[in-house]
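Chain by chain, the residues run as shown.
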Amino acid sequence: MAGDVETVLFLPGLGAGVDPWDAQLRALPSGFTGLAPDIPGLDQAATPGGFTLAGAALALRDLLDERGVERAHVCGLSLGAMTATQLALDFPERIASLVLSGSQVRPHPALMLIQRTIIRMLPERTAEGMAMTKAQWLGALRVVADTDFRGKLASIQAPTLVLCGSRDVANIPAAREIAAVVPNAELRIVPRAGHPWNQQYPELFSRTIADFYTRLSAAG
Ligand SMILES: O=C(O)CC1=CCC(=O)O1
């Protein structure tokens, strides 16, 4: 942490658009500051091996080095939450806490296949609307599909808030699994919320994480 100010590193989901964490950056409690980079390497996802969670975690560790941040609170949604998990596994000493929303442990192969099949049929302009190409989108989803955090999560020591919208039904089993396996985790299933609920209910998301960070600060 730089000086007395604690840093929250926000990591977005796929195709989250411009400034997806705007509301949360503005609503951080006093004593906290935010960083909200893109997921590193995602622009290379069309090339096999061009984007990996381990590569993204390494680049984020380098970003923390550049900014002089010794330990960060990391808050991720979806692919961002999976990247946050990888960062916590690879560089545990750099992680003050985790917020994992709509994350995954071992994505269901059939669901991933269906998702990729649908995306292949979409027009290119759908991906352009997410500031990606279809090839990058499919490449990133291949990385998601190949991820398997089973057997690894129990080593995470950082205080962890696991979140999932009650309408994000595909990710609720993973949220329950993460909260059961990570030793210092708490779970909140958020009524009426969907998958990208930091943008759907920005004030509620901001209050939820602010409460978590304030409790951590008070606990010292
Ligand atoms: O939307 C994303 O970021 C990709 C993804 C990971 C888990 C999930 O449900 O979607």
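All figures in this text were calculated on a predicted structure; none of them were measured in a lab.

What follows is about the sheet that holds strand β5 (residues 160–165). Sheet architecture is open: six strands sit in the order β2-β1-β3-β4-β5-β6, paired in parallel fashion. The strands lining the two open edges of the sheet, one partner per strand, are β2 (32–35) and β6 (185–190). With strand direction ignored, the average angle separating the axes of adjacent strands in the sheet is 20°. Sheet topology places strand β4 (residues 95–101) next to β5; four bridges connect them, and they run parallel. The residue bridging Leu100 from the neighbouring strand is Val162, located in β5. Docked against the sheet, helix α2 (residues 53–66) engages β1 (6–11), β2 and β3 (72–77), running at close to 150° with respect to β1. Helix-sheet contacts for helix α9 (residues 202–219) involve β1, β2, β3, β4, β5 and β6, and the interaxial angle to β4 is about 155°.

Bringing the UniProt feature "domain: AB hydrolase-1" (unreviewed entry) in the chain into the picture now. As recorded in UniProt, the feature "domain: AB hydrolase-1" (unreviewed entry) lies at residues 7–125. Along residues 7–125, the helical share is 39% and the strand share 18%, with 36 Å between the first and last C-alpha atoms.

Evaluated as defined, the whole model comprises five aromatic pairs. Three or more aromatic residues link up through ring pairs in this structure, and these residues are Phe10, Trp21, Trp197 and Phe205.

Near the ligand, the surroundings consist of Gly13, Leu14, Ser78, Leu79, Met82, Gln104, Val144, Asn171 and His195. At 2.8 Å from an oxygen atom of the ligand is found a side-chain nitrogen or oxygen belonging to Ser78. One of the backbone N or O atoms of Leu79 is found 3.0 Å from an oxygen atom in the ligand. For the ligand, whose free accessible area comes to 290 Å², the fraction covered by protein is 84%. Mapping the ligand onto the cavity grids shows that it belongs to the largest pocket. By residue class, the composition of the shell around the ligand is four nonpolar, five polar and no charged.

It is at 10 Å that the axes of helix α4 (residues 109–121) and helix α6 (residues 134–146) come closest, and there the two elements cross at 175°. With respect to α6, the element α4 is oriented roughly antiparallel. Of the residues in α6, those touching α4 at Met112, Gln115, Arg116, Ile119, Arg120 and Met121 are Lys134, Trp137, Leu138, Leu141, Arg142, Val144 and Ala145. The class makeup of the residues in the contact of α4 with α6 is eight nonpolar, one polar and four charged.

Attention shifts here to the pattern of salt bridges. Considering all chains together, one arrives at nine salt bridges under this definition. For Arg61, the salt bridge goes to Asp62, with nearest N and O atoms at 3.0 Å. Owing to a relative accessible area of 22%, Arg61 belongs among the partly exposed residues under this scheme. Across the pair Arg142 and Asp146 runs a salt bridge whose closest N-O atoms are separated by 3.1 Å.

For the rest of this paragraph, the subject is a nonpolar patch on the surface. Together, Leu111, Ile114, Ile118 and Met121 make up an exposed nonpolar region whose accessible area comes to about 420 Å². Secondary-structure assignment places Ile114 in helix α4.

What counts, and where the lines are drawn
Residues numbered from 1 in each chain as written. Predicted model: local features only at pLDDT ≥ 70, side-chain atom pairs only at ≥ 80, totals over all residues. Heavy atoms only, no water. Pairing = 2+ DSSP bridges. Helix = DSSP H or I, 4+ residues; strand = E, 2+ residues; numbered from the N terminus. Axes fitted to C-alpha atoms, helices over the stretch in contact; angles between N-to-C directions. Contact = heavy atoms within 4.5 Å. UniProt positions renumbered as here; feature names shortened; annotations may be inferred. Phe/Tyr/Trp six-rings, centres within 6.5 Å; stacked < 30°, edge-to-face > 60°. Near = heavy atom within 4 Å. Polar contact = N/O pair within 3.5 Å; in protein donor to acceptor, adjacent residues only side chain to side chain. Areas by Shrake-Rupley, 256 points an atom, 1.4 Å probe, with all protein chains shown as cover. 1 Å grid on protein atoms, 1.4 Å probe; cavity = no way out; pocket = protein on both sides within 12 Å on 5 of 7 lines; lining within 4 Å. Sits in = over half its atoms within 2 Å of the grid points. Nonpolar A, V, L, I, M, F, W, Y, C, P; charged D, E, K, R; others polar. Parallel < 35°, antiparallel > 145°, perpendicular 65-115°, else oblique. Salt bridge = Lys/Arg side-chain N within 4 Å of Asp/Glu carboxyl O. Buried < 20%, exposed > 50% of the residue type's maximum accessible area, 1.4 Å probe, protein only. Patch = residues over 30% accessible without salt bridge, like charges linked within 9 Å, V, L, I, M, F, W, Y side chains within 5 Å.

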